[in-house]
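Overview (structure and organization)
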Amino acid sequence: INGHAQVCKLLIASGADPTIADLDGYSPIIYSVTNGRGSVVQTFIDQGVSFETPALTNEDLNPLSLACQFGHEDIARLLLQRGAKVLPNPAGYYPQHLAAREGHAGVLRLLVDATRGFSGIDIPDKYSQATPLLHASSEGHAESVNILLQAGSDVRAKDEFRKTPIHYAAWNGHIDCINLLLAAGATASTIISPEYQPGNNQMAPLISADIDPMDLE
């Protein structure tokens, strides 16, 4: 919890088990990750402690997912270098969804490199079928959006509600994200709900399909 790496090393040498959980279900391994104690994580690794989920008392707590969610880039790098698998947590969110949603751009860049060669960069989450780009756009994390777009993320990917990244960026007023998405090929017409029909009682979308980047100045 407090990052005392040398004390941890001595305890492990004396037979202490870092996988044993407390009453909250958290083990020393998990505390070292969530609290960003990189030196402790490195000590555990050097002592041969496994960070793979099957070795942990609480299988719901995936160290790589937690490092990405909390934005601990150094720990995420360590785990990836040690061969950590990019897997979903029990809620169906992959590490890249968590990093994108929280706006941890450095972590997201690591995951982009780790998931090259398969659909990991555009993989949908289990909960709403949202891709990492959808999460980043919805939360207004422009740097994360840019990283994903540079990696080739699909600007037209849709979630279970048939909404695209630019829809959520516009809905939440994230101008920087909108501009990035437009520059990457998104169209304003995708903001319009497919359920909208001319003549019904819904308010007509006040937006053109041909639109220039927005400027607040």
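Per chain, residues are indexed from 1 in the order of the written sequence. Per-residue local features of the predicted model are confined to residues with pLDDT of at least 70, and side-chain atom pairs are confined, for both listing and counting, to 80 or more; whole-chain, interface and lining totals are unaffected and use all residues. Remark: hydrogens and water are excluded; side-chain values derive from all non-hydrogen atoms of the structure.

1. What to know about the overall build of the protein
The criterion, for reference: Segments assigned H or I by DSSP are reported as helices when at least four residues long, segments assigned E as strands when at least two residues long, and all are numbered from the N terminus. Between buried and exposed lies partly exposed: a residue is buried under 20% and exposed over 50% of the maximum accessible area for its type, with that area taken using a 1.4 Å probe on protein chains only. When checking whether two residues touch, look at their non-hydrogen atoms; a contact exists if any pair is within 4.5 Å. Here the open area of atoms and residues is found with the Shrake-Rupley method and a 1.4 Å probe, where only the protein chains shown may cover a residue.
A count of helices and strands for the protein gives 11 helices and 0 strands. Helices (α) and strands (β) of the protein occur, in sequence order from the N terminus, as α-α-α-α-α-α-α-α-α-α-α. Residues classed as buried in the protein amount to 44% of the 217 residues present. Long-range pairs, those at least 24 residues apart, make up 62% of the contacts in the protein with a sequence separation of at least 6. When the accessible area of the protein is evaluated, it comes to approximately 11,600 Å², of which 50% is carbon and sulfur surface.

2. Points about the confidence of the model for the protein
Threshold: In predicted models, pLDDT denotes the confidence assigned by the predictor to each residue on a 0 to 100 scale.
Per-residue confidence for the protein gives a mean pLDDT of 84, with 82% of residues at or over 70. Confidence over residues 194-211 falls short of pLDDT 50; this stretch has 17 contacts with residues more than four positions distant or in other chains. Every residue in residues 213-217 scores below 50 in pLDDT, and together they form 6 contacts with partners more than four places removed in sequence or on other chains.

3. Focus on the pattern of salt bridges
The condition is simple: Note on definitions: salt bridges are taken to be side-chain nitrogens of Lys or Arg within 4 Å of carboxyl oxygens of Asp or Glu.
Under the criterion given, the structure shown has 2 salt bridges. For the salt bridge of Glu73 with Arg77, the shortest nitrogen-to-oxygen distance reads 3.0 Å. Note that Glu73 and Arg77 are positioned in helix 5 (residues 73-81) at a spacing of 4 residues, about one turn of the helix. Relative accessible area serves as the criterion here: at 31%, Glu73 is assigned to the partly exposed category. Between Arg101 and Glu102 there is a salt bridge, with the nearest N and O atoms lying 3.5 Å from each other.

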